[in-house]
Structure formats: structure tokens, C-alpha cells
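Breakdown of the fold
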Amino acid sequence: EKDGFPSFMEKEIHDQPEAVAATLLGRSDLEGKLTLDEMRIDADVLKTINKIIVLACGTSAYAGQVAKYAIEHWCRIPTEVELSHEFRYRDPIVDDKTLIVSLSQSGETMDTLMAVRYAREQGAKTIAICNTNGSTIPRESDAVLYTHAGPEIAVASTKAFLAQITAAYLLGLYLAQLRGNLFQGQIKDVLADLAKVPAKIAQVLANDGQIKELARSMADTRSVLFLGRHVGFPVAMEGALKLKELAYIHAEGFAAGELKHGPIALIEEGQPVIVVVPSPRGRDSLHAKVVSNIQEVRARGAKTIVIAEEGDESVRAHAEHVFYIPETTALLAPLLTTVPLQIFACELATAKGYDVDQPRNLAKSVTVE
Ligand code: M6R
């Protein structure tokens, strides 16, 4: 069932074009009208929602952090992302105008289940974005939006992450449609861009030779830092988590803008820093800011490894290694930039001789609090 791949993780990384495509399938028509069948919450209720809280753990929480950028941008609804296990213990402000969106691959994560239960008791409406049919979290929620990534066997989450971002984006577009925040043409454009993502992921996968080679050459590395900005920030944290859990290497993801507020003190000769660079085509100056962060860490001896958009030549002069991903919009970039980071962690762990499907000390679903 590994389809000829040496591990489930590698198979699941390669399943990603299909996982995103299947999650998009049948949820919109040619005019860009979204129909989310399992959205059993009344449209009138969804129109009165004044706050969204996304609840999740681990990789699913990083998907939530990516989604926050899109949901706030499209729907203009204040959106918080909280680790499920922190949520209940801070006396959160939740009422019948709060929409809870839980993200869980397994649908059985006890921390997330308990947080959803708590929110429901406070009168909130709950939507589960979940990859496992009939699991507990969707059963205990008002509505469910299934990710159709197919079963994920490897402990480290890969295809579920991309499918969660896709589903959360569909939810954001659905709410924007319902509440009139976006014109139909704008929604149609985003859906058209999303439809092109699976082929672009396939392109990244087809060009994995260079990143694998780099990963193998770094098997003795003791620490790797990841930097990103805007949606690239949660991607950086996800890249770091993959490396920790698979290769048992100290890894940390930072918001690039935070560097000078402390983390830059960590940089010494030879420290590898992987930077997720935003598109230079963006309207704001984020690209230039991240490029200057690369220069700052390099000037202090860092070995810089860059994930950038095809055609972005400006990064070459400042990086030991550049990996290019196909062009897309700023909000959709995480569906592509994450992939080389998954391949990197998987290949590096394999080079160290570790079992990437069953990392030490971890379970696929964490069913205790
Ligand atoms: O099944 P869930 O999505 O609720 O699981 C959440 C986390 O336990 C999970 O994402 C974990 O962090 C993975 N090992 C990450 O690769």
C-alpha cells in the first residue's frame, strides 16, 4: 500500500496533489458558487458570527495559523488561533456569536475534543475540519467539512496539512460569499488559482533531487533555524516541527521580523537558516524585508537556504542554496512552500537511518490530554 515508496511518509508527500484536488472537488460550480453540503449551520446564524476561534494542535494548528490570514482578509471576521490545550484554561470569551473551527486530521485528538466540547457548552457554533469520516470531533460538532486527503498513516502529518489549508480556505470563501464580503468574480479567481495548485505541487515533487541531496549532506547538523513572514511564518514553524519529530534535530521557526528582537543572537558561523521568501510580485514590501533578513544572518556566518518563487533572481546572491517553487498568489503559497520542507526533513531523517513513519516517542493520534 506504499505504492512502491520506501515509507508511508514519502507516499503521502506524493499524494498531495491528489489530496488538494480531492478536497476542492465538487464544492463549487463554474460561477464560483460554493456549496458545502455538510455545513449544517443556518446561513442566518453564520451571518451574525462576530468572531472565529480556530482550535487545533501541532501541524493542524499551523494550518489554522495559515488560514487565519486568508479568513481575516476575505471575511473581515476577527480570527484567533489557539492551541486546544491552552484554550480552556484561560477563561476564553466565547458566546453564541463565536464560530469555533476545529482542525484535526484524526478527529480523535483529546485536547481538541475537550476544547470543542467546552466551547459548545458556552453556546458557540462548532465546525470540524477533519480527515477521518465519522470520528469523534465531527460527531460532536454542529457541522463538518471533510478534507479528502485519504488515510494518513505516517505519524508526521503532510498531506492532511495541505488539505486542511485547502478546506479552511473554502470555508473562508464560503463565509465571504454568504456575508457579501467578496464579489463573485473575486471568489471565482481564488478558486481558479486553487484549481491550479495540484499541478504545481506535482512540479515541486518532480524536482526534488536537489533538496534531497542537500538534506543528505546535512545529516550531522545539530540545529536548523527556519524563518518566514506572513503566511510563511507558520510554514517555517511547520518545517521546524517536521525536522524535530523526524530527524530529532533541534529546529525552531521564527517570524523573520522577530530576528532583531532576539533570535539573531543565535547565529554563528555555519548555522543553517532556511528562509521562506514571499513572492516579489506582492504589492507590499515584504519580499525586500525578508531578503534583507537573509543578508543579516548571512553577514553573521549563517548558511542560508532559500525557498523562493520561480524567477526571483534577487535571492541568489545571498544564498548557498535556492529552491524554486512555481508562481502563485501570496495566500496560496504555503500549499507549495511547505513541500520542500517536508521532503527535506524526510530525506534527512532517512539519511540518519531513522524510521520516518514511526518517530520515537510519538503516536499518530493523541487520545489522552
Ligand atoms: O489528528 P490531529 O490533526 O488532531 O493531530 C494533531 C497533532 O497531534 C499532529 O498534527 C502532530 O503534531 C503531528 N505529529 C505533526 O506531524
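Residues numbered from 1 in each chain as written. Predicted model: local features only at pLDDT ≥ 70, side-chain atom pairs only at ≥ 80, totals over all residues. Heavy atoms only, no water.

The name given to the protein chain in an unreviewed UniProt entry is Glutamine--fructose-6-phosphate aminotransferase [isomerizing], and the organism recorded there is Arthrobacter livingstonensis. In UniProt, the protein chain has this text filed under Function (unreviewed entry): "Catalyzes the first step in hexosamine metabolism, converting fructose-6P into glucosamine-6P using glutamine as a nitrogen source." (UniProt positions renumbered as here; feature names shortened; annotations may be inferred.)

When helices and strands are tallied, the protein chain shows 13 helices and 10 strands. With the principal axes as the frame, the protein chain shows a C-alpha extent of 55 × 45 × 40 Å. Looking at the protein chain as a whole, 59% of its 369 residues are labelled buried. The contacts in the protein chain between residues at least 6 apart in sequence include a share of 74% that link residues at least 24 apart. Carbon and sulfur atoms provide 50% of the accessible area of the protein chain, an area that totals close to 15200 Å². Between the averaged position of the 38 positive side-chain charges in the protein chain and that of its 48 negative side-chain charges there is a distance of 3 Å. (Helix = DSSP H or I, 4+ residues; strand = E, 2+ residues; numbered from the N terminus. Buried < 20%, exposed > 50% of the residue type's maximum accessible area, 1.4 Å probe, protein only. Contact = heavy atoms within 4.5 Å. Areas by Shrake-Rupley, 256 points an atom, 1.4 Å probe, with all protein chains shown as cover. Lys, Arg positive; Asp, Glu negative; His and termini not counted. Charge placed at Lys NZ, Arg CZ, Asp CG, Glu CD.)

With that settled, the discussion passes to unusual backbone geometry. Although it is not a glycine, D3 adopts a positive phi angle of roughly 50°. By the element assignment, D3 lies in the segment before α1 (8–14). The class of D3 is exposed, set by a relative accessible area of 57%. Despite not being glycine, R76 has its phi angle at roughly 55°, a positive value. Inspection of the secondary structure puts R76 in the loop between α4 (58–75) and β2 (79–83). Owing to a relative accessible area of 61%, R76 belongs among the exposed residues under this scheme.

In the neighbourhood of the ligand, 13 residues make up the surrounding shell, with S60, S104, Q105, T109 and E245 lying closest. Between the ligand and the protein, one listed contact pairs a nitrogen atom with a backbone N or O atom of V155 at 3.3 Å. Listing elements by their share of the shell around the ligand, those giving two or more residues are α4 and α11 (232–247). The element best represented in the shell around the ligand is α4, accounting for three residues. Here the residues of the shell around the ligand are counted per class, giving three nonpolar, eight polar and two charged. (Near = heavy atom within 4 Å. Polar contact = N/O pair within 3.5 Å; in protein donor to acceptor, adjacent residues only side chain to side chain. Nonpolar A, V, L, I, M, F, W, Y, C, P; charged D, E, K, R; others polar.)

Across the sheet, which stays open at both edges, the five strands sit in the order β2-β1-β3-β4-β5 with parallel pairing between neighbours. Either end of the sheet is taken by a strand with one partner, and the two such strands are β2 and β5 (143–146). The average undirected angle you get between the axes of adjacent strands in this sheet is 20°. Pairing analysis gives five bridges linking strand β1 (residues 51–56) to strand β3 (residues 98–104), with the strands arranged parallel. When the bridges of β3 are listed, V54 appears paired with V101. (Pairing = 2+ DSSP bridges. Axes fitted to C-alpha atoms, helices over the stretch in contact; angles between N-to-C directions.)

Okay, the nonpolar core next. Counting residues in each nonpolar core, the largest one holds 90 residues, and the members touching the most others are I52, W74, L99, L173, F226, L243 and F344. Examining the composition of this core, we find that 12 residues originate from one element, helix α8 (residues 159–179), more than from any other. Apart from the residues lying within four places of it in its own chain, the contact partners of F344 are I211, L214, A215, M218, L243 and I274. If you look at the next biggest cluster of nonpolar residues, it comprises 20 residues, including F254, V290, V297 and V315. (Core = buried A, V, L, I, M, F, W, Y, C linked by side-chain atoms within 4.5 Å.)

Under the counting rule described, the total for this entry stands at three aromatic pairs. Ring plane angle 85° and centroid distance 6.0 Å describe the contact between F87 and Y118, whose orientation is recorded as edge-to-face. Taken together, the residues F87 in helix α5 (residues 84–87) and Y118 in helix α6 (residues 110–121) connect sequence positions 31 residues apart. Each member of the pair, F87 as well as Y118, is classed as buried. Taking the ring centre of Y248 as reference, the NZ or CZ of R360 above it sits at 3.8 Å. (Phe/Tyr/Trp six-rings, centres within 6.5 Å; stacked < 30°, edge-to-face > 60°. Lys NZ or Arg CZ within 6 Å of the ring centre and 35° of its normal.)

Side chains that are three or four residues apart share a direction in an α-helix, a result of its 3.6 residues per turn. Taking 1.5 Å of rise per residue, 12 residues should cover 16 Å, and α6 covers 16 Å from first to last C-alpha, within 8% of that figure. Taken together, the buried positions of α6 are D111, T112, L113, M114, A115, V116, Y118 and A119. Where α6 is buried, its residues contact β1, α5, β3, β4 (125–130) and α7 (136–139). Directly after α6, the chain includes G123, whose backbone phi takes a positive value near 100°. (Expected span 1.5 Å × (residues − 1).)

With that settled, the discussion passes to the sheet that holds strand β8 (residues 272–276). Pairing in this open sheet of five strands is parallel, and the strands run β7-β6-β8-β9-β10 from one edge to the other. Edge positions in the sheet fall to β7 (250–255) and β10 (321–325), since each has one partner strand and no second. Neighbour-to-neighbour, the strand axes of the sheet open up by a mean angle of 20°, direction not taken into account. Bridge count for strand β6 (residues 223–228) against β8 is three bridges, and the pairing is parallel. Residue pairing for β8: L225 is matched across the bridge by V273. Helix-sheet contacts for α11 involve β6, β7 and β8, and the interaxial angle to β7 is about 175°.

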